Amino acid sequence: MAEVRLENVSKAFGDAVAVDALNLTIADREFLTMVGPSGCGKSTTLRMICGLEKATGGEVYFDDQPVGYLPANKRDVAMVFQSYALYPHKTVAQNIGFALKMMRVPRTEIDERVAATARSLGIEKLLDRRPKELSGGQRQRVALGRAVIRDAGAFLLDEPLSNLDAQLRVDMRAELKRLHADLKRTFIYVTHDQVEAMTMSDRIAVLSEGVLQQCAPPEEIYSRPANMFVAAFMGSPAMNFLRGGIVDEGGVRRFRSASWTQDLPPSAVRATEALGDREVVLGIRPEDVTLDGPENHGSVFVSEPLGADALVTVDLGGDRVKARVPAPFRSAVDSAVPVTFRADRLHLFDAESGSAIH
Ligand code: ATP
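The rules behind the values
- Per-chain numbering applies: the sequence of each chain, read as written, is numbered from 1 onward.
- For this predicted model, a pLDDT threshold of at least 70 governs which residues receive local features, and a threshold of 80 or more governs which side-chain atom pairs are given and counted, while totals over whole chains, interfaces and linings are taken from all residues.
- Secondary structure elements follow DSSP: runs of H or I of four or more residues count as helices, runs of E of two or more count as strands, with numbering from the N terminus.
- Here the C-beta atoms are placed from the backbone, and a residue counts as buried if at least 20 other C-beta atoms lie within 10 Å of its own, exposed if 12 or fewer do, and partly exposed otherwise.
- Contact between residues is assigned whenever the C-beta positions, reconstructed from backbone atoms, fall within 7 Å.
- The start and end points of each domain follow an automatic or database-based domain assignment.
- Pairing between strands is defined by DSSP: at least two bridges between them are needed.
- To obtain an axis, a line is fitted to C-alpha atoms, over the contacting stretch when the element is a helix, and the angle between two such axes runs from 0 to 180 degrees between their N-to-C directions.
- Every residue carries a pLDDT, the predictor's confidence in it, which falls somewhere between 0 and 100.
- Whether a residue is near a molecule or strand depends on its C-beta atom, placed from the backbone, lying within 6 Å of it.

The protein chain has the name Sn-glycerol-3-phosphate ABC transporter ATP-binding protein UgpC in an unreviewed UniProt entry, where Amycolatopsis minnesotensis is given as its organism.

Printed below as a string of structure tokens:
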């Protein structure tokens, strides 16, 4: 088993629709991450894939076989939860080897596979301890070990790093990515953390209120978001948005908001030709706002040093935008600064639907 396909998969709890006609194919050996804010339906989707929850519409396929009728233990998947769910009275070795014991694998083979799994996760010295004698990061490794020892076709991971402190999360992120490369299995990962999604995934599926917004490789999600929801959700700090319209001035088409006028590159001009006088939203990421240019357009509202960079909030006289500039940034609050938006990095969205125009 390798490819996982969701066809029009829905889940309703009473009147509440948690997942709405989701179509998604996760390729063999792919690392796909589902992201979205709390309550968007990611965990429910994962639970339908592994069989802990039954879809109320549509079908889940593993390698073209419908699996909706199969209980969780008959599906070729292993799941890792946020809560670890380790057996408190069993040792690390017993926890990791438990699934094999249930499958009546011979004792010597269990010992060998537990040792190999523990080595690959760097916990071979902890095999005789019990969960309460472990740190959060060590427990998380044991939970991972318990899943990966089974060699399932797909590994389903539901926020496995969210109980760890910031530094450990960064380390485990890299280790999980490496584990995926070593195991060569399909990984379906759920998180609300966009950095985890960006750093680990082959593709990211962004969900909002049970509806798939976009599914694409991280670079594409970041540089060509399909709508304002995706644009705002991915990237920290979030993309700047300015609401305005497209004006035609002597044959030159420009974007204009309350406080900003922006010449458009030819591709954006073409994309806006059929729009008429509909309202649009200009989007520009903080790293694409530079504080240079011939004229002063704004004033410094506040600046926040971030180490290598500084985040400067600039008041344009109506709109406020954030610029990420190289540190150190020394201008005092309220001092006038020039502001430029990189024209090749502009996004335009339909103000009403939020869909990307350019
Ligand atoms: P989180 O990041 O908070 O875990 P999520 O994106 O994983 O959120 P889900 O847990 O899938 O979201 O929940 C989606 C929606 O379905 C939510 O509105 C939630 O309240 C609802 N829901 C989930 N499970 C049940 C249930 N067993 N009964 C009723 N409603 C549920």
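Let us keep going from here.
Peer 1: For this particular structure, what's the right way to read the overall build of the protein chain?
Peer 2: For the protein chain, the helix and strand inventory stands at 9 helices and 21 strands. The C-alpha extent of the protein chain, read off along each of the three principal axes, is 80 × 45 × 35 Å. For the protein chain, with 358 residues in total, the buried portion stands at 37%. If you take every contact in the protein chain between residues at least 6 apart in sequence, the share linking residues at least 24 apart comes to 65%.

Peer 1: I'm lost on the domain arrangement of the protein chain in this one. Help?
Peer 2: Much of the literature gives interface size as the accessible area that the parts lose upon coming together. Its domain assignment divides the protein chain into domain 1 (4-230) and domain 2 (240-350). Averaged C-alpha coordinates put domain 1 and domain 2 at centres separated by 39 Å.

Peer 1: It is not clear to me how the sheet that holds strand β18 (residues 320-326) should be interpreted in this structure. Could you clarify?
Peer 2: Neighbouring strands of a sheet are bound in pairs by backbone hydrogen bonds; such pairs are parallel or else antiparallel. Strand order in this open sheet of 4 strands is β18-β17-β16-β19, and the pairing throughout is antiparallel. The two strands at the open ends of the sheet, each matched to only one other strand, are β18 and β19 (336-338). Geometrically, the sheet is characterised by an average inter-axis angle of 50 degrees between neighbouring strands, direction not taken into account. Relative to β18, strand β17 (residues 309-315) runs antiparallel, the two sharing 7 bridges. Within β18, the residue paired with leucine 311 across the bridge is arginine 324.

Peer 1: Even after reading the chapter, I still don't get the confidence of the model for the protein chain, so can you show me in this structure?
Peer 2: Residues shown with low pLDDT carry predicted positions that ought not to be read at fine detail. Of the residues in the protein chain, 99% have a pLDDT of 70 or more, and the chain-wide mean is 92. Our summary of model confidence lists the complex with pTM equal to 0.91 and ipTM equal to 0.94.

Peer 1: Looking at this structure, I do not really get the environment of glutamate 220. What am I missing?
Peer 2: Looking at the secondary structure, you find glutamate 220 in helix α7 (residues 218-223). For glutamate 220, a count of 14 C-beta atoms within 10 Å corresponds to the partly exposed category. In the structure, glutamate 220 is positioned 110 residues away from isoleucine 110 in sequence and 43 Å away in space, judged by C-alpha atoms.

Peer 1: What's the story with the site of the ligand in this structure? I'm lost.
Peer 2: Near the ligand the following residues occur: Phe13, Ala16, Ala18, Gly36, Ser38, Gly39, Cys40, Gly41, Lys42, Ser43, Thr44 and His192. For the shell around the ligand, the secondary-structure elements that each account for two or more residues are β2 (16-26) and α1 (42-50). Per-element tally for the shell around the ligand: the top contributor is α1, with 3 residues.

Peer 1: Explain the sheet that holds strand β13 (residues 261-263) to me, please; I cannot follow it from the model alone.
Peer 2: Strand order in the open sheet made by the 5 strands is β13-β12-β11-β14-β21, with antiparallel pairing throughout. Of all the strands in the sheet, just β13 and β21 (347-350) have a single pairing partner and so form its edges. Averaged over all pairs of adjacent strands, the angle between strand axes in this sheet comes to 40 degrees, irrespective of strand direction. Relative to β13, strand β12 (residues 252-257) runs antiparallel, the two being bridged by 3 bridges. Residue pairing across strands places phenylalanine 255 opposite glutamine 262, the latter belonging to β13.

Peer 1: I keep staring at the pairing of strand β1 (residues 4-13) and nothing clicks. Help me out?
Peer 2: When a strand is regular, its side chains alternate between the sheet's two faces. Taken together, the 5 bridges between β1 and strand β4 (residues 57-62) define a ladder with antiparallel strand orientation. Bridging from a neighbouring strand, valine 4 pairs with phenylalanine 62 of β4. Bridge analysis of β1 against β2 gives 7 bridges, and the strand direction is antiparallel. The partner of lysine 11 across the bridge, within β2, is valine 19.

Peer 1: What is the right way to look at unusual backbone geometry in this model?
Peer 2: A negative phi angle characterises most non-glycine residues, just as the trans form characterises most peptide bonds. Of note, the amide linkage connecting serine 236 to proline 237 takes the cis form, showing an omega dihedral of -5 degrees. Looking at the element boundaries, proline 237 is found in the loop between α8 (228-233) and β11 (240-249). Residue proline 328 is reached from alanine 327 by a cis peptide bond, and omega for that bond is -5 degrees. As for its placement among the helices and strands, proline 328 is situated in the loop between β18 and β19. For asparagine 8, which is not glycine, the phi dihedral falls at a positive 50 degrees. Note on placement: asparagine 8 falls in strand β1. By C-beta crowding, asparagine 8 is classed as exposed, having 12 other C-beta atoms within 10 Å. Although it is not a glycine, aspartate 63 adopts a positive phi angle of roughly 45 degrees. For aspartate 63, the position within the fold is in the loop between β4 and β5 (65-66). For aspartate 63, a count of 13 C-beta atoms within 10 Å gives the class partly exposed.

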